[in-house]
Amino acid sequence: MERNQSREEQLSALIDSYGNLVFSLCYKMTSDYFASEDLTQETFLSVYRHLSEFDGQHEKAWVCRIAANKCLDYLRSAGRRVAPMEDVGVEDCLPPDVRGTPEHICLEAEVKAILLARCRALKPPYNEIAKAYYYDEMDAAEIAAQRGMKLKTVQTQIYRARKLLRKLYEKEENGA
């Protein structure tokens, strides 16, 4: 890394050199494709923030250490520890006296209708992928097989659809 480069140029060079390595490291540590994408971005954001502190020695080891620390933080996070280890539906989380009541059935139908409308509001191909994944509850492998697509392509489209859906939900929450 040359010292006469701007910070943006230095970061770009590091991403070009180590982007795939960082993603591979994150994926190996988390076994989660989407988390690995996020952790890779977080790693390079941290690299950018701390470029002025870096002495220029052993840049590969420095970048990999930041990535490893990001992964360890992710794996230790409270949200990660409370994730269910098996498929648990909303029904399983409700008390028995609430399941199947007219109110519950009505609310469930309303939530599904809103979800379907939001999925349909997305641009192609994300609208179809979101509907298949979130509304029809198909997994990525099923969607890929049904559409004759590569699994990684479907996973990427699910990830992007999730981001777009999150924006739609946040927009409505904020009253915009």
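Residues numbered from 1 in each chain as written. Predicted model: local features only at pLDDT ≥ 70, side-chain atom pairs only at ≥ 80, totals over all residues. Heavy atoms only, no water.

**Brief notes about the side chain of Thr156**
Structurally, Thr156 is set in helix α9 (residues 151-173). Among all residues touching Thr156, those that are not within four sequence positions of it are Tyr33, Phe34 and Glu37. (Helix = DSSP H or I, 4+ residues; strand = E, 2+ residues; numbered from the N terminus. Contact = heavy atoms within 4.5 Å.)

**Here's the deal with the confidence of the model for the protein chain**
Detailed conclusions should not be drawn from predicted coordinates in areas where pLDDT is low. Here the protein chain averages 82 in pLDDT, and 81% of its residues register 70 or above. This model gives residues 83-88 a pLDDT under 50, and the stretch forms one contact once residues within four places in sequence are excluded. (pLDDT = per-residue confidence, 0-100.)

**Let's talk about the nonpolar core**
Formed by 13 residues in total, the largest nonpolar core has its most connected members in Leu14, Tyr18, Val22, Cys26, Phe44, Val47 and Val63. Sorting the residues of this core by element identifies α1 (7-30), α2 (33-49) and α3 (59-76) as the ones contributing at least two each. Here this core takes five residues from α1, the largest share from any one element. Ignoring any residue separated from it by four or fewer positions in sequence, one finds Val47 in contact with Leu11, Leu14, Trp62, Val63 and Ile66. Grouped together as the second largest cluster of nonpolar side chains are eleven residues, Ile129, Met138, Ile143 and Ala144 included. (Core = buried A, V, L, I, M, F, W, Y, C linked by side-chain atoms within 4.5 Å. Buried < 20%, exposed > 50% of the residue type's maximum accessible area, 1.4 Å probe, protein only.)

**Re the packing of α2 against α3**
Running from N to C, α2 and α3 cross one another at 130°; their axes reach a closest spacing of 9 Å. By the angle class used here, α2 and α3 are oblique. Classified by chirality, the crossing of α3 by α2 is right-handed. Contact residues: Ala35, Leu39, Glu42, Thr43, Phe44, Ser46 and Val47 in α2; Trp62, Val63, Ile66, Ala67, Lys70, Cys71 and Tyr74 in α3. Considering only residue class, the contact of α2 with α3 consists of ten nonpolar, two polar and two charged. (Axes fitted to C-alpha atoms, helices over the stretch in contact; angles between N-to-C directions. Parallel < 35°, antiparallel > 145°, perpendicular 65-115°, else oblique. Left-handed = near helix turned anticlockwise from the far one by under 90°. Nonpolar A, V, L, I, M, F, W, Y, C, P; charged D, E, K, R; others polar.)

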